[in-house]
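Letter by letter, the chains look like this.
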Amino acid sequence: NALIQEGKEMASLLYTYRSCVKALPQLPDSMKHSQADLYLETYQVLDLEMSRLREIQRWQASAASKLAADMQRFSRPERLVNGPTVTHFWSMLKLLDVLLQLDHLKNAKASIPNDFSWYKRTFTQVSTQWQDTDTMREELDDLQIFLSTRWAILLNLHAEMFRTNTVEDILQVLIVFCVESLELDFALLFPERHTLLRVLPVLVVLATSSEKESESLYKRVKINRLLNIFKNDPVIPAFPDLHLSPAAMLKELSSYFQNFSSQIRLLTLPAPHEIPPRELQDYQRHYLILNHMGTIRAEHDDFSIRFASAMNQMITLKSSDGADNDWSRDIKGNMYDTVVEGFQLLSRWTGRIWEQCAWKFSRPCKEPPISDSQQDSATFFDYEKVVRWNYTAEERRALLELIGYIKSIGLMMQHCDTLVSEALWETIHMEVQDFVQDKLDTMLRTTFRKKKDLSRILSDMRTLSADWMANTSKADPEQHSLHQETEEMRQSTFYPRPVAPTAAQIHCLQFLICELVSGGNLRKPGGLFGNSSSGIPVEDLKQLETFFYKLSFFLHILDFTATIGTLTDLGFLWFREFYLESSRVIQFPIECSLPWMLVDHVIESQDAGLLESILIPLDLYNDSAQHALTYLKQRFLYDEIEAEVDLSFDLLVQKLNEVIFTYYKSCAASTLLDSSFTYACDDGEKYFVKPLRFDAIFKLRRVMILGRTIDLRSLITQRMNKLFRENIDFLLERFEYGDLCGVVELQQLLDILELTHQSISRFLELDSYSLMISEMQENLSLVSYSSRISSQIWNEMQTDFLPNFILCNTTQRFVRSLKGAHHSSQRSDASTGKPYFYCGSHDLTMAYQGLAGLYRDFFGIPHMFAVVKLLGSRSLPGIIRALLDHISSKITAMVPKVTGLQEALPKSIGLLSFDGGIAGCQKIIHEILTWEAKSDVKVEVLHDLKEIGSALYWMSLLDIVLRQIDTTQFMQSAPWLGLVPGNDGQVKHAYSDNTPFTTLLSAATSAVASSPACANPSSYLVMSKQAEAASLLYKSNLNSGSVLEYALAFTSAALDRHYSKWSATPKTGFIDITTSKDFYRVFSGLQYSYLEDSMTNPSKKREMLGDSVAWAGCTIMYLLGQQLHFELFDFSYQFLNVAEIETATVSLYQPADRSKSPNIFQGYEVILEAMRKARRLNNHVFSMLRARCPLEDKVACAIKPSGAPLHRMKFSNTVSAFETLPQRANS
């Protein structure tokens, strides 16, 4: 065993060997003088590695000599009582397996001869200064021959074995043992089976050194049996990323062992890459775990149930005192059988994973899929072809599921170690004592009574292992001779004890049974128990065979913890040393790592059945790290595993957060999606989210990885907080790159995000959503009334909305003018965010984008609701004040421009004459409006009026929305405040003292405070006081003012500063209809010119200003008290009056058949219709202004009783400047 352990360490050293030459520095030309020093240091580094290879060379020579000596000792013709036993068989096979693996690794590792060639070159350079280097050169030549000769170890073994006498007998016995063990599935653990499969081809090659010996072999083992074994397992696992093929081994060894080259049937076996397509399908079904998952699931479920039942019975037995012996023995025996079955299941499942990996390595993917990002670099590592692209999604799921089964069963059995250990020892003790005290006793008295030699063996077995202390009817071992037993003594009764036999006792029992059955004849046909020439009855032979096989299980059962560790060790799935060397890279990307591939598959598939198993693949890193430190004993491998674990865990937490975030965001988006829209879609099912469960993941506070305890819940919470902030920042940034119409989409997405936050907050301790939204809006200060949203809204209104959007009064919407489309196209595109930053799933994102697209081309009431909700009561006043200041600045900027237009008007403007008709009126208007030289000024005034009107109408939309919100809040709070409608339609208080809300809480507080069970009623008293304060606050908010009325008051105050310029005082105190140049005259001319230009000149249609100009002009005229003047003297109104009179006159004098009369308005229909629309619009604006800001008490001038005029007389209800919002109750 020590020799085998040393060989395994040598094999680990070879497997983990990495080239040292790659790390050697290259000297530049300027340092060539230091070449000798470099050679010396290189030699010292490589000499250490070469000394290890020399040690391997010496060890394999001694191991081959030892193995050959044992085989020669057991192949002597005389009968030997002391061997070989099954233990000897396994020792020789395991040592031969180690030698085979060393030889295979030496052949596969190309870095070893490369380093040796560099080492030899440096030795030649360095040794010129040394003396007596002949011995070193001889060692160097021997090492070179050893490393450069393929299968040098097996050739050396063959030479040692056949140096003195032949060993065909023991080789044939070993072959028979291997064949029978494989055919009867004698090996309990999968490493034993793989050992048999690896050494069997080598044994066949060594045993057929001549035709005579081959004939002798095939008489004992039919060649078809060997062919069937080699065909059933064409690929054998050797190392994590190295495999052996019996067919390839036989073909390659045939060139080194000439006598074996005549074995045509064995040499014609196909290698894995030579398997015909028809047979390939059968091998795929055999090796791929996916094809066995139905059986594996059934085995797992059945075993889990029976193991849990056995454990419950054990717990019941432990808790019961004085239990019946037979019942206790049955329960413990059932526990033993269950454990043995569990070991067999784990061995079979883990062996399947090993074999599937070996099959995948032998059948790499030929054409890896190439994604769009890989078009430029479509080269792949060989390791990618055998791992990354060689597993389908179904195969990854099956592998992950099987790993989960192995880990769960292993953990379940490991947790019950202390509970079942005594039961297992007691059962083993009972099995051994039952056999040696009862069954052997019967055999001694019957079958072997007259066979002295065999009886002596049976007596030795009883003497070796019988526990007479547990036997109540036989107290003295000396009384148990064969001739002194009586009939009463034969009914022996013994009580099992938790005292298991030692490994030496078990090995001795196996040896004695072999001696008993075979009699030391190695060439005995039919195998160990398959012959009838021994003279032992079939029934006794069957009992011996059954007990013999049980003895093999006992060794593994006794080493319970180590056996479970071996069977559940799946760390081999990470190692890739051979492919690292062949690919000439330091390490592969994490996408090529099989453990991470399984984790990534769970995340990408989002399978509800796999999400709770997402951490199971990470346990593979624990296994691989343990394997690297304890078995391979290489710290650098552990460091690489640790680095990958750090990266993979970070990626896991990141992707897991994205999956959780995406799922709950999709649920929120699906919940907020209009149900009528979903039902109207033919494929509405795609908008419903498939349920997933993350409860188990949210509860993981202690995750053990590489000895570290990680609070996964805390990490998820931290990343989730960061993810919410990133999402908010992305939405705000996206809104900042768009126009004001995107405010509806922003509000929808933030609503979805808020509902997502509410859903996740039920499981995780997230930061407050209001805190996060304030933080990302840079609005955390208590004295800050601005935010990113409010700043963006005002910036958009100032730079884009007011200049480029036009108003449609009929639809109550602002739309982008054709002139403003150029400004929109110059915007820089926002960065494309991750899909889960929108609505979660792609279908829901497209649905919401489709809905948001309906609001993309206009600004109206829905957008204003979004603005109010996003800004809130904290930032909304800032926007209002900024708009009012903008109106004031526009009015101030417009004053000199209007003055310029006033100066261009004639001093005398009379009423339009009816004599010339509409043609004459048009001519007179053209003579009056001589603004051709001031066309730019006229356009600027129109645009200023448009911005003022747009701002005022925007305020009116805001007022509508705020009133609706106030009404909703009032309807919700009125019942709690005791408000009821009065007879006059006004709101009155139903309760004089307290509100129903405060009354309810006061009564509850009094009841609680009076109860003796309440120890501290102060909290209820505080709650009652808070209810009274809340009632006062809600009552004070009922009398809310009007934003529009405040805006009109502010505009009126701004106009008061320029009243003298826009509203001249009549000299006579009465209206001057000829010489007035008030603002209404300028606006009348602007309106007429605008209507005429936009209707008669199609090219001017792109400069349409919408209805905002009318809103601004009418508001200014109304606030200046010039509404009646405008309605009397407006050019368009007079033009319409002339047209109406002319129409009535023509209809009076024309014949009755009007169809034959000429059209007197030919060419004027368009402008007349435009004037009528303008008049209707002006009347609508004036009526709205009279309703919202009545100024009936403000007249153009008033007459004192003395007859003197009093200009701009103000009464108490006149809107004054810079007052607080007028209260409805005080108006």
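Predicted model, so just to flag it, every value in this text is computed and none were measured.

Each value, and the rule that gives it
- Residues numbered from 1 in each chain as written.
- Predicted model: local features only at pLDDT ≥ 70, side-chain atom pairs only at ≥ 80, totals over all residues.
- Heavy atoms only, no water.
- Helix = DSSP H or I, 4+ residues; strand = E, 2+ residues; numbered from the N terminus.
- Buried < 20%, exposed > 50% of the residue type's maximum accessible area, 1.4 Å probe, protein only.
- Contact = heavy atoms within 4.5 Å.
- Areas by Shrake-Rupley, 256 points an atom, 1.4 Å probe, with all protein chains shown as cover.
- Phe/Tyr/Trp six-rings, centres within 6.5 Å; stacked < 30°, edge-to-face > 60°.
- Lys NZ or Arg CZ within 6 Å of the ring centre and 35° of its normal.
- Expected span 1.5 Å × (residues − 1).
- Salt bridge = Lys/Arg side-chain N within 4 Å of Asp/Glu carboxyl O.
- Patch = residues over 30% accessible without salt bridge, like charges linked within 9 Å, V, L, I, M, F, W, Y side chains within 5 Å.
- Pairing = 2+ DSSP bridges.

Engineer: I'm lost on the overall build of the protein in this one. Help?
Structural biologist: Per the secondary structure count, the protein includes 46 helices and eleven strands. Split into buried and exposed, the 1227 residues of the protein put 50% on the buried side. Here the contacts in the protein between residues at least 6 apart in sequence split such that 78% fall between residues at least 24 apart. Carbon together with sulfur atoms contributes 54% to the accessible area of the protein, which is approximately 58200 Å² in total.

Engineer: Quick question: what am I supposed to make of unusual backbone geometry here?
Structural biologist: With glycine set apart, most residues show a phi of negative sign, and most peptide bonds adopt trans. Within the chain, D185 stands out as a residue other than glycine whose phi angle is a positive 55°. By secondary structure assignment, the location of D185 is in the loop between α7 (168-183) and α8 (190-207). Under the relative-accessibility criterion, D185 is labelled exposed at 56%. Positioned with a positive phi, R584 is a non-glycine residue whose angle comes to about 60°. Tracing the sequence through the fold places R584 in the loop between α23 (577-583) and α24 (594-605).

Engineer: So what exactly am I meant to see when it comes to the packing of aromatic side chains here?
Structural biologist: By convention here, two paired aromatic rings are described through the distance between centres and the angle between planes. All told, the structure shown has 50 aromatic pairs when counted by the stated rule. Ring centres 5.7 Å apart and planes at 55° place the aromatic pair Y383 and Y579 in the tilted group. Of this pair, Y383 sits in helix α16 (residues 382-388) while Y579 sits in helix α23; the two residues are 196 residues apart in sequence, bridging distant segments of the chain. In this structure, Y383 and Y579 share a single accessibility class: buried. By way of ring pairs, the aromatic residues F801, F805, F814, F859, Y953, W954 and W1111 are connected into one cluster. The ring of F146 carries K106 above its face, with NZ or CZ at 5.4 Å from the centroid. Across the ring face of F858, the terminal group of R813 is positioned such that the distance to the ring centre comes to 3.8 Å.

Engineer: Is there a simple way to think about helix α1 (residues 2-15) in this case?
Structural biologist: Every α-helix winds through 3.6 residues per turn, so residues three or four apart in the chain are directed the same way. Taking 1.5 Å of rise per residue, 14 residues should cover 20 Å, and α1 covers 20 Å from first to last C-alpha, within 8% of that figure. Buried within α1 are the following residues: I4, G7, M10, A11, S12, L13, L14 and Y15. Among the structural elements, α2 (35-74), α3 (86-108), α4 (111-126), β1 (236-239), α23 and α25 (619-631) are those in contact with the buried residues of α1.

Engineer: Sorry, what's going on with the environment of L851 here?
Structural biologist: Relative to the helices and strands, L851 is located in helix α34 (residues 842-853). Linking L851 and E745, residues 106 residues apart in sequence, is a C-alpha distance of 8.5 Å.

Engineer: Whenever I open this one, the pattern of salt bridges confuses me. Can you help?
Structural biologist: Pairs can form between side chains of opposite charge once their charged atoms are near each other. Enumeration according to the criterion identifies 58 salt bridges in this entry. The partner of R150 in a salt bridge is E252, with the nearest N and O atoms 2.6 Å apart. With R150 in the loop between α5 (134-148) and α6 (152-161) and E252 in helix α11 (residues 246-254), this pair connects stretches of sequence that are 102 residues apart. Classification of R150 as partly exposed rests on a relative accessible area of 34%. As a salt-bridge pair, K550 and E431 come within 3.0 Å of each other at their nearest N and O atoms. With a gap of 119 residues between them, K550 in helix α21 (residues 538-558) and E431 in helix α18 (residues 417-445) connect regions that are remote in the sequence. Accessibility expressed as a relative area gives 27% for K550, which makes it partly exposed. Beyond isolated ion pairs, a larger network of salt bridges with shared partners links R734, D739, E745, D800, R816 and R856.

Engineer: So what exactly am I meant to see when it comes to a nonpolar patch on the surface here?
Structural biologist: Together, L40, W130 and M136 make up an exposed nonpolar region whose accessible area comes to about 240 Å². Structurally, M136 is set in helix α5. Classification of M136 as partly exposed rests on a relative accessible area of 32%.

Engineer: It is not clear to me how the pairing of strand β6 (residues 813-816) should be interpreted in this structure. Could you clarify?
Structural biologist: Put simply, side chains in a regular strand alternate between the two faces of the sheet. Residues F814 and R816 point to one face of β6 and are all buried, whereas R813 and V815, pointing to the other face, are not buried. Turn length for the strand β5 (residues 805-808)-β6 hairpin, with the two strands adjacent in sequence and antiparallel, is four residues, and the turn residue Q812 shows positive phi of about 60°. In this structure, β6 lies alongside strand β7 (residues 858-859), joined through two bridges in antiparallel fashion. Looking at the pairing, V815 lines up with F858 of β7.

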